[in-house]
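Here are the chains, one letter per residue:
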Amino acid sequence: MSNRCSNEETRVDSRTIYVGHRSSSTNEAFIPPKFCDNRIVSSKYTVWNFLPKNLFEQFRRIANFYFLIIFLVQVIVDTPTSPVTSGLPLFFVITVTAIKQGYEDWLRHKADNEVNKYPVTVLEQGRRIRKESEKIKVGDVVEVEEDVTFPCDLILLQSSRDDDTCFVTTASLDGESNHKTHYTVPDTEKDLETLNATIECEQPQPDLYKFVGRMHIYKNDQEPAVRSLGPENLLLKGATLKNTQRICGVAIYTGMETKMALNYQGKSQKRSAVEKSINAFLLVYLCILVSKALVCTTLKYVWQGKPGQDEPWYNEKTQREKDTNLYLKMFTDFLSFMVLFNFIIPVSMYVTVEMQKFLGSFFITWDKDFFDPEIKEGALVNTSDLNEELGQVEYVFTDKTGTLTQNNMEFIECCIDGFQYKYRDASSDLDGFCVTDGPLNKVQEKAGREELFLRALCLCHTVQVKESSEQGQGQRDQVDGFGLDGEVLPPLREQRGFIASSPDEVALVKGAMRFGFTFLGLESKNMKILTRNNDIEMYELLHVLNFDPVRRRMSVIVRSKSGDTLLFCKGADSSIFPRVRQEEVERIRMHVERNATTDDYLLVVTLGAMCFAVQEEDYAQADAGLMEARLALQDREQKLMAVYNQVETGMSLIGATAVEDRLQEEAAETMEALQGAGIKVWVLTGDKMETAKSTCYACRLFQRNTELLELTVRTLEDGGRRREERLHELLLEYHKKAVQDAPTWSSANQDYGFIIDGATLSMVLNSSSESNSSRYKNLFLQICQNCTSVLCCRMAPLQKAQIVKMVKNSKGSPITLSIGDGANDVSMILEAHVGIGIKGKEGRQAVRNSDYAIPKLKHLKKLLLAHGHLYYVRIAHLVQYFFYKNLCFILPQFLYQFFCGYSQQPLYDAAYLTMYNICFTSMPILAYSLLEQHICIEVLLDNAALYRDIAKNGMLRWRPFLYWTLLGVFHGLLFFFGVRFLFSNPALQDNGQVFGNWSYGTIVFTVLVFTVTLKLALDTRHWTWINHFVIWGSLLFYVFFSFFWGGIIWPFLKQQRLYFVFANMLSSVSAWLVIILLILLSLLPEILLVVFHKPRGPRQVELRHIHTFPLYFTHSFSPRFIYLFHFLTVLPLFSLWFWSSLMEPIFNIFIRGI
């Protein structure tokens, strides 16, 4: 199956479908073809594969797999430590992660069941049977009622409307909330039970806007009638039936073969950049671990090779040990050293990281600034694994309709023959016209042209009228959900709403209504309008030349009562102007250009209106050409395009209109803040280019001085050469301008914006030549990366995902974020590193498949600049701190082997080995990673440039990692040799007894716990009562535990190494002083560095807003002062130790003399 979404029709294998499972031939046995069922599956696990699949995914993590190996080694080999020290933390990590991922997948199962078990009506043998949606088969005739979503892709066979049409909304597919008109297949039986037909159509493919097929209708021994099928006959799964009581259609694509499902990319496991950095750091520490084990194993056998060292008299070998193979014993010793030093790999870090992510996600949910009173909901976190990625975003891909804009069009003004008019409520010159420029005395003279212009607005559209009987009490336009409240209209005009395929059309029809011309509706191919004189005029609708993104205009051919045949055309200014006389253009161009760049409106769309009378012979020729093109099965679009271009010539320009689509609240400010943070914003929309371009101007993504580089079907056809040649030429031209000449232009502050449409993107990504495709893609990427903003219009949902994937996999692997509100955005939301869903009014498909959901676009600013910034800083510090404290922990153990004959003797007690990461040092860093605010939120929001300081994983690069590693080495060396210097004094207790090896290890461990905890206290900027409680509480708990563990004889222990060791240690004044001295010496360099380091540049301004260290200080004190305060506080303690150390020997000599 082809997944290409190109402008040219791709011929694929076809499928034949029997309507109602009835064979076209009564002489042959009917064997129904096999197609997939209608089940939708978005879940990842089942009951049977959850355990093996989840365990496989978890043990792909380096740390998890490593600790599994260590645990197995401890179980099999006689090692110095118990298997519990590795197995218990590993089991906890695996269990917590499995529960979290299982719960998330259960929610996906629940959502799938809601869709699959939804009841539907199927017509079988003249009966209406209720079935579950998942049981629909290809060929079933399905009945759908108003306001119900289509359960699969259907071909429309029957409608309850008299004109054999129905209206649908596709908001969940392409984000458009407007109504689209679909048509039944001509000449089908009213009684579907007697319908004998087959459908031949293309195999499933993801393009929402393309469908090619034909229907063979068999009647009593007659030649089968063949009817062409197109997108106007296809009802897509996910769309909703509107303003039609019921329809019947035949299922052609079901389940995972529907166009919606083909545009849905399965939810994959997203991994943050922090996790990748952790894995890289783990590899470094694994190398350190293996190196330590190899060094100790080698030195052990070198040392034992000396005479008398291998088997001293006090430790003779058993016969079993003597018979053991030397290489096997060396390997066993290597594994024992690996187990002894394995605590350098912080498995508890994964537990802490999981808890930090899970608990930290609640701060987003609880943020009151994210609460929207309109929908009475706040933010939602679907995936807590990516909190820190919010602080690393480099590219934002956003939808337009419903995300940047409200999709609520309003008529603002118009220009007729060079005169500008605005609507005024009070009666003025021409029943609502307010002339804002031009000579007033000529207004009445131009009344004829004005009325022609208003008739054009009333006739040139595909709008349907929804009468009051259909609407009930609420008179609302079905295109945007807004009625005519507050407008001063005659009673007849108050009672009607409108249904249209585009919100622009409703705005224009309502604009004409304000000026006295009302469209009354379409009856039997006759369009009725009510003039300002309350006269009803009838026009026969002959043809509609529909809008398409290449022509960028639409036309109608009508016939008046007098027999005149008229063509009215409207479209974008760039499409209209080349088809009229130049003198007519100049009168209008000034107003069009002014409206295109005005700041008075959030978004202005300009549309021209043209008219000309059609001669009968010309009409007959055009009618024949249109009929022939519409019945074509191949190249239908190209043939229609040729006829359209032939008809739409020789027209006279009447005027132009300005239509406003309001932006979302604070949309421009949000986009401006993101760009200030160094984030590049790309707009990916299915809308037409002109509307999307105006939105980009209104959002300040494009500025007035921005030079736009356009790569669309129109620009490819301008050169008069083959499209691929023109594409290559334009790419080289734009690359030279935006990339090669960038240094020259940057001095002139030249900004570039890039515009591309879906058809051209398909040519870039899917060139006929593989080498050209790769070259085009590289050129395209380099151009886009050097532009301030990029606009991609007329995008299919899968193309949006392709754009995101292309940028995500580009050089440097930038972090991407996608944000949207509809099901058409699901693919790009799933493809990006971070997916954001907007809780709009058009369904929750995007919200369900997103990682985070927010009510409005404006909330994205705080989510990234505040929450994302803080989350990243917190978790980066957490990761570096864990590696640092574990290096401090294990380095003395490694050094100790040089003084114990490489006997694998532990320096610390087993209780300390187990409790160090779990209890003694875990809570302070967890509290820090949840509560730290190194810069207050208000400053982060006001200074978007601060986001750049942490960009590109700045705090987890190799340079900071090397700093923390060297700091850990320095502290580990200081702990070990500082205590060893103390032990050079043979008498450390008052009774003359000496300390043993467990006392040695306990003193080292005490210095270690206090140093790493106080180091975190020095790093804390934002103090709360929780920080005070966990930091000082952890230190008190360590002291209490040491007394308690060593003060009682535990009956379940075979040997109790620490019995009264801690109490005896603290009875020595020298031990007290060396502990204090080593803590001060460890922290002194960092204190002095911060005190005497003077920040320069913008950091001086930023540091004024940084929270100071302790809670009891006001924010007026600078960090330098606070560090100096700490230094001056510990200085007396240092002096006390120095005095006692100097006087103790003198005092001892004096006592001996007496």
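Here the residue index of a chain counts from 1 through its sequence in written order. Confidence filtering applies because this is a predicted model: local features only for residues at pLDDT of at least 70, side-chain atom pairs given and counted only at 80 or more, and all residues used for totals across whole chains, interfaces and linings. Hydrogens and water are ignored here; the side-chain numbers use all heavy atoms of the structure.

- The name an unreviewed UniProt entry assigns to the chain is Phospholipid-transporting ATPase, from the organism Cyclopterus lumpus.
- Checking UniProt for the chain, the heading Sequence similarities (unreviewed entry) contains the comment "Belongs to the cation transport ATPase (P-type) (TC 3.A.3) family. Type IV subfamily." UniProt positions are given in the numbering used here, feature names are shortened, and annotations may be inferred rather than shown by experiment.

**A few points about the overall build of the chain**
Then comes step 1: Helix numbers and strand numbers start at the N terminus; a helix is a DSSP run of H or I with at least 4 residues, a strand a run of E with at least 2. Counting its regular elements, the chain contains 38 helices and 34 strands.
Then comes step 2: Classification of the 1154 residues of the chain by burial places 56% in the buried group.
Then comes step 3: Only heavy atoms matter for contacts: two residues are in contact if any of them lie within 4.5 Å across the pair. Taking the intrachain contacts of the chain between residues at least 6 apart in sequence as the baseline, contacts between residues at least 24 apart amount to 74%.
Then comes step 4: Working note: accessible area of the chain is about 50900 Å², and carbon and sulfur atoms make up 57% of it. Accessible area is worked out with a 1.4 Å probe on protein chains only. A residue is then buried under 20% of its type maximum, exposed over 50%, and partly exposed in between. Per-residue and other accessible areas follow the Shrake-Rupley method at a 1.4 Å probe size, with only the shown protein chains counted as cover for residues.

**Observations concerning the sheet that holds strand β1 (residues 14-18)**
Then comes step 1: Ordered in space as β1-β8-β9-β10, the four strands form an open sheet in which the pairing is antiparallel. At either end of the open sheet lies a strand with only one pairing partner, and these are β1 and β10 (225-229). Within the sheet, the average angular offset between the axes of one strand and its neighbour, ignoring direction, is 20°.
Then comes step 2: Bridge count between β1 and strand β8 (residues 197-202): five bridges; the pairing is antiparallel. Paired with T16 across the strands is E200, a residue of β8. Here a strand pair is declared whenever DSSP counts at least two bridges between the two strands. Inter-axis angles, ranging from 0 to 180 degrees, are taken between N-to-C directions of lines fitted to C-alpha atoms, where helices are fitted over the stretch in contact.

**Let's talk about the packing of helix α18 (residues 667-676) against helix α28 (residues 859-896)**
Then comes step 1: In contact at an axis separation of 9 Å, α18 and α28 are set at 20° when each is read in the N-to-C sense. Considering the angle they form, α18 stands roughly parallel to α28. In this structure, α18 meets α28 at a crossing whose hand is left-handed. Where α18 approaches α28, its residues T670, A673 and L674 are matched on the opposing element by L860, K861, L864 and L865.
Then comes step 2: When residue character is reported, Ala, Val, Leu, Ile, Met, Phe, Trp, Tyr, Cys and Pro are called nonpolar, Asp, Glu, Lys and Arg charged, and the others, Gly included, polar. Classifying every residue of the contact of α18 with α28 by side-chain character gives five nonpolar, one polar and one charged. Relative orientations are named as follows: roughly parallel for angles under 35 degrees, roughly antiparallel for angles over 145 degrees, roughly perpendicular for angles from 65 to 115 degrees, and oblique for any other angle. Helix crossings fall into two classes, left-handed where the near helix is turned counterclockwise from the far one by less than a right angle and right-handed where it is turned clockwise.

**Remarks on the sheet that holds strand β5 (residues 153-159)**
Then comes step 1: Ordered by their spatial adjacency, six strands build an open sheet running β3-β2-β4-β13-β5-β11, and the pairing between neighbours is antiparallel. Looking at the sheet topology across the chains shown, the edges are occupied by β3 (127-132) and β11 (234-235).
Then comes step 2: With six bridges joining them, β5 and strand β13 (residues 246-253) adopt antiparallel strand pairing. Bridge pairing links S159 to I247 in β13.

**Comments concerning the environment of K259**
Then comes step 1: For K259, the location among the structural elements is in helix α5 (residues 259-262).
Then comes step 2: Considered as a pair, K259 and D153 are 106 residues apart in the sequence and their alpha carbons are 7.5 Å apart.
Then comes step 3: Those residues within four positions of K259 in sequence are excluded, and the remaining contacts are D153, E202, Q205, P206, D207, L208, K210, L234 and L236.

**A closer look at the packing of aromatic side chains**
Then comes step 1: What counts as a ring pair is set by centres within 6.5 Å for rings of Phe, Tyr and Trp (its six-membered ring), and what kind of pair is set by the plane angle: stacked under 30 degrees, edge-to-face over 60, tilted for all other angles. Under the criterion given, the structure shown has 48 aromatic pairs.
Then comes step 2: For the ring pair Y881 and Y884, a centre distance of 6.0 Å and an interplane angle of 50° mean the geometry is tilted. In this pair, Y881 and Y884 are both assigned in helix α28, three residues apart and thus about one turn of the helix distant. Y884 carries the same exposure label as Y881, and that label is buried.
Then comes step 3: Judged by centre distance (5.0 Å) and plane angle (15°), the ring pair of F889 and Y908 falls under stacked. One end of the pair, F889, is in helix α28; the other, Y908, is in the loop between α28 and α29 (910-920), with 19 residues separating them in the sequence. In this structure, F889 and Y908 share a single accessibility class: buried.
Then comes step 4: One aromatic cluster in this structure is built from F343, F889, Y908, Y912, Y916, F920, F1005, F1010, F1037, Y1038 and F1041.
Then comes step 5: Think of it as a cone above the ring: NZ of Lys or CZ of Arg counts as a charge over the ring if it is within 6 Å of the ring centre and within 35 degrees of the ring normal. Lying across the ring of Y619, R559 places its NZ or CZ 5.4 Å from the centre.

**Remarks on the pattern of salt bridges**
Then comes step 1: Here a salt bridge means any side-chain nitrogen of Lys or Arg lying within 4 Å of a carboxyl oxygen belonging to Asp or Glu. Counted by the stated rule, this structure contains 34 salt bridges.
Then comes step 2: The partner of K117 in a salt bridge is E134, and the shortest N-O contact between them spans 2.8 Å. Of this pair, K117 sits in the loop between α3 (84-116) and β2 (119-124) while E134 sits in the loop between β3 and β4 (141-145); the two residues are 17 residues apart in sequence, bridging distant segments of the chain.
Then comes step 3: For K117, a relative accessible area of 41% corresponds to the partly exposed category.
Then comes step 4: K242 is the partner of D147 in a salt bridge, and the nearest nitrogen-oxygen pair spans 3.0 Å.

**Quick word on α28**
Then comes step 1: End to end, α28 covers 55 Å across 38 residues, agreeing with the expected 56 Å (1.5 Å per residue, within 8%).
Then comes step 2: Two axes enter the bend calculation: one fitted to the seven residues ending at the residue in question, the other to the seven starting there, and the bend is the angle between them. Its maximal kink placed at G868, α28 deviates by approximately 35°.
Then comes step 3: Burial analysis of α28 places 37 of its 38 residues in the buried class, the great majority of the element. Working rule for helices: expected span equals 1.5 Å times residues minus one.

**As for the side chain of T244**
Then comes step 1: Residue placement: T244 occurs in the loop between β12 (240-242) and β13.
Then comes step 2: Look past the residues within four positions of T244 in its chain and what remains in contact with it is E146, S159, S160, R161, T165, C166 and F167.

**Quick notes on the side chain of Q880**
Then comes step 1: Within the element layout of this structure, Q880 appears in helix α28.
Then comes step 2: In this structure, Q880 is in contact with F281, M955, L956, R957, P960, F961 and W964, ignoring residues within four places of it in sequence.

**Some details on the pairing of strand β6 (residues 165-170)**
Then comes step 1: Burial of β6 is extensive: six of the six residues sit out of reach of the surface.
Then comes step 2: Covered by surrounding structure in β6 are T165, F167 and T169 together with C166, V168 and T170, the residues of both alternating faces.

**Examining unusual backbone geometry**
Then comes step 1: Within the chain, N534 stands out as a residue other than glycine whose phi angle is a positive 65°.
Then comes step 2: Here N534 is to be found in the loop between β22 (526-530) and β23 (536-545).
Then comes step 3: Overall, N534 belongs to the exposed group, its relative accessible area being 56%.
Then comes step 4: Of note, the phi angle at S813 is positive, near 45°, even though the residue is not glycine.
Then comes step 5: Considering the arrangement of structural elements, one finds S813 in the loop between α25 (797-808) and β32 (816-820).

**So, the packing of helix α16 (residues 616-630) against helix α17 (residues 636-647)**
Then comes step 1: Contact geometry of α16 with α17 gives a least axis separation of 8 Å together with a crossing angle of 165°. When the interaxial angle is binned, α16 and α17 end up roughly antiparallel. Relative to α17, α16 is oriented so that their crossing is left-handed. Residues Q621, A622, G625, L626, A629 and R630 of α16 form the contact with α17, whose own contacting residues are R636, K639, L640, V643, Y644, Q646 and V647.
Then comes step 2: Looking at the contact of α16 with α17, its residues break down into seven nonpolar, three polar and three charged.

**Comments concerning a nonpolar patch on the surface**
Then comes step 1: There is a patch of nonpolar side chains on the surface, built from F65, I69, L72, V75 and I76 and spanning about 490 Å² of accessible area.
Then comes step 2: Its location among the elements puts F65 in helix α2 (residues 62-76).
Then comes step 3: For F65, a relative accessible area of 44% puts it in the partly exposed group. Surface patches are defined over residues having more than 30% relative accessible area and no salt bridge, joining like charges when they lie within 9 Å and nonpolar side chains (Val, Leu, Ile, Met, Phe, Trp, Tyr) when within 5 Å.

**Things to note about the UniProt feature "active site" (unreviewed entry) in the chain**
Then comes step 1: The positions that UniProt labels "active site" (unreviewed entry) are, in the present scheme, D399.
Then comes step 2: Structurally, D399 can be placed in the loop between β15 (395-398) and β16 (405-416).
Then comes step 3: Only 3.4 Å separates the side chain of D399 from the side chain of K800, close enough to count as a polar contact. For the purposes of these results, a polar contact is taken to be a pair of N or O atoms within 3.5 Å, where, inside protein, one atom must be able to donate a hydrogen and its partner to accept one; residues adjacent in sequence count only when each atom of the pair is a side-chain atom.

**Some remarks on the environment of C699**
Then comes step 1: Mapping C699 onto the fold places it in the loop between α19 (689-698) and β29 (706-711).
Then comes step 2: Assessed through its relative accessible area of 0%, C699 is described here as buried.
Then comes step 3: With residues up to four places along the chain from it excluded, the contact list for C699 reads L404, L663, A667, A668 and M671.

**Thoughts on the confidence of the model for the chain**
Do not read the predicted coordinates in detail wherever pLDDT is low.
Then comes step 1: What pLDDT conveys is the predictor's confidence in a given residue, as a value from 0 to 100. When the pLDDT values of the chain are averaged, the result is 77; 77% of them are 70 or greater.
Then comes step 2: Throughout residues 469-495 the model reports pLDDT below 50, and contacts reaching past four residues in sequence, or to other chains, amount to 64 contacts.
Then comes step 3: Overall, residues 596-607 carries pLDDT values under 50, and its contacts beyond four positions in sequence, including any with other chains, amount to 39 contacts.

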